[in-house]
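# Architecture at a glance
Take a look at the letters that make up each chain.
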Amino acid sequence: MMNVSVTDIIKACMSLGLFVSINQRLDAETINIVAEEFGFTVEYIGAKEIEEAIQIIEDKEEDLKSRNPIVTIMGHVDHGKTSLLDFIRKTNVIAGEAGGITQHIGAYEVQLEGGDNITFLDTPGHEAFTAMRARGSKITDIAIIVVAADDAIMPQTKEAITHAQAADVPIIFAINKIDKPNANPEKIKEELATMNLLVEDWGGKFQSMDISAKNGTGVDGLMEKIILEAEMLELKANPDRLAIGTVLEASLDKGKGYVSKILVQNGTLNIGDVILAGTTYGKVRALYNERNKSVQSAGPATPVLLLGLNSAPAAGDAFNVMKDEKEARTIAVKREQLQREQGVRTQKHITLDEIGRRLAVGGFKELNIIIKGDVDGSVEALSDSLIKLSTEEIQVNIVQKSVGQVNEADIMLASASDAIIVAFQVRPSVAARQLAEKEEIDIRTYSIIYNVIDEIKAAMEGLLSPDVVEEIVCSVEVRDVFKITKVGTVAGCYVLDGKIHRNTKIRIIRDGIVTYTGALGSLKRFKDDAKEVAKGFECGLNIDNFNDIKVGDIIEGYEEKEVKRTL
Ligand code: GDP
């Protein structure tokens, strides 16, 4: 359309530090710049049309009425999330009248004795929370973080706190299991204080309540605190408008067809409304509440089960009520096309190599980093040094830092907050690695703090990747160990991936954490010395100056490779 030759476009890309091929897709930012080079302005029709088609209704102040708060319960496994939800469900006043909650619809409304209502999302666990946020939907008003008083602040507690804070959702702490003889709520509060989270009793701003989800002590108090927090948030919605909201879950039911569990966030959803949810649409055929009762309509902060969509929308999809079914269908189809397009887009998330390009394009202001490390000391040291790299132009944010293997939750958090992951002396789990590939998250593994700082600094200055990079050349699993006098520990191994060489530099990884870095002492196939052993073969080996090999350890071979700078 620009009537410019391909070579000229490629040249223009090169001047941006991008080496592209003739049939490569460019992202929007690059397209803008390239077009500008030739005196054109780009208009994106697809996405814009779609947005314009959905009228954004601005509610007038006088139409707004207060609505229920929507609450998510998060916390470490076994600290009592499910028990708390169960107890709350049992005390529900509505449930008392109508025979309790019989349907799982992703959320439920609870009426307190004082007449106040609270809507609880009943997908405990922060995976759901982050997954929703990664899709750009914010549905939770308040997060309850459950901590067992006979335990401590655990990794998932920290994670939950980070997730809530990243989403800017107020937190109320529920310190649980106080009925237990060894419970010590004060210790938990002290631990929270050391994390800069001062609870009320300690003169801070965070509400907290000592509870027992088992016998119900303090649960009333917790509910009051939720109401108090909700009052401060002044949650309002307009019940007299076309409904909007979020899909919590959807599935195909043999008898009923596509069943979607949704939460109305504003407006009122009625039977017969034309609804558009993500790439699906349809007419509302039936609505059911959590007591499996058919209802005619659902107002703000009400969860319902919906029948009538033509397919299953994805959890976290926003839904809108449209005036006209044809329009809904057109948008659904367009969205699907756009989704397919985006699926083939090459780069969605930030990588270290991309920083330079985004800098050139302008508007790159924040670098979000998640740090995982082998010990607290190095995590803290790294975090301090990286924050200090902040300049006037780019702010470095440490979204999360913790000790341990890179897990799936880290990847989801990175995806939701567009962060890169710095893994210091630790490795991603297999599942995390797969997820990272799918979500296109950049995981940088390092063994020397100085290298981390250097590389990130260079990237922030718009420089390109360093001259020397480490490449993992093989991974070998230890399946048996033998102690042999005079020789030391010999490991019987299996090569999982790549090729191990007699001179390969190696690291020993135990439970995702690097425990030793060194070189092989010997490498054998059966009784003979071997030069190299390839994937799928067994071998015997020992490691120079290291005898503490254990079954299950992964021996990772790496090479330091010189790479050409690409500018
Ligand atoms: P979740 O993994 O966070 O959902 O935790 P659960 O609700 O499944 O609770 C884990 C265990 O702790 C279960 O065996 C519960 O019975 C127990 N538990 C939960 N809350 C309490 C409590 O307040 N007191 C006592 N004694 N046990 C509790």
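For the structure given in this document, a descriptive report is provided here.

Scoring rules and cut-offs
- Residues numbered from 1 in each chain as written.
- Predicted model: local features only at pLDDT ≥ 70, side-chain atom pairs only at ≥ 80, totals over all residues.
- Heavy atoms only, no water.
- Pairing = 2+ DSSP bridges.
- Helix = DSSP H or I, 4+ residues; strand = E, 2+ residues; numbered from the N terminus.
- Axes fitted to C-alpha atoms, helices over the stretch in contact; angles between N-to-C directions.
- Buried < 20%, exposed > 50% of the residue type's maximum accessible area, 1.4 Å probe, protein only.
- Contact = heavy atoms within 4.5 Å.
- Right-handed = clockwise from strand over helix to strand, strands pointing away.

### With respect to the sheet that holds strand β18 (residues 366–373)
Spatially, the 4 strands line up as an open sheet ordered β19-β18-β20-β21, and their pairing is parallel. Bordering the open sheet on either side are β19 (395–403) and β21 (443–446), each of which pairs with just one other strand. The mean angle between the axes of side-by-side strands here comes to 25°, regardless of whether they run parallel or antiparallel. With 4 bridges joining them, strand β20 (residues 419–424) and β21 adopt parallel strand pairing. By the bridge assignment, Ala 423 is partnered in β21 with Thr 445.

### Some thoughts on the environment of Leu 307
On the secondary structure map, Leu 307 appears in strand β16 (residues 302–309). Taking relative accessible area as the criterion, Leu 307 reaches 5% and is therefore assigned buried. Distance in space between the C-alpha atoms of Leu 307 and Lys 261 is 9.1 Å, their sequence separation being 46 residues. Each residue touching Leu 307, except ones within four places of it in the same chain, is listed here: Lys 256, Tyr 258, Val 259, Lys 283, Val 284, Arg 285, Ala 286 and Tyr 288.

### Considerations on the sheet that holds strand β5 (residues 142–148)
Strand order in the open sheet made by the 6 strands is β3-β4-β2-β5-β6-β7, with mixed pairing throughout. The sheet is open, and its two borders are formed by β3 (107–111) and β7 (207–210), each paired with just one other strand. The sheet shows a mean angle of 30° between the axes of neighbouring strands, direction not considered. Most of the contacts of helix α4 (residues 81–91) go to strand β2 (residues 70–75), to which it runs at about 145°, and overall it touches β2, β3, β4 (117–121) and β5. Packed on one face of the sheet, helix α9 (residues 219–233) meets β2, β4, β5, β6 (171–176) and β7 and runs near 170° to β7.

### Details of the pairing of β5
Among the 7 residues in β5, 7 count as buried, and that is most of the element. Burial along β5 is two-sided: Ile 142, Ile 144, Val 146 and Ala 148 facing one way and Ala 143, Ile 145 and Val 147 facing the other are all buried. Of the pairings in the sheet, the one linking β2 to β5 comprises 5 bridges and is parallel in character. Across the sheet, the residue bridging to Gly 75 is Val 146, located in β5. One ladder, built from 6 bridges, connects β5 with β6; its direction is parallel. Along β6, the bridge assignment pairs Ala 143 with Ile 171. Once you follow β5 into helix α7 (residues 155–166) and on to β6, the crossover reads as right-handed.

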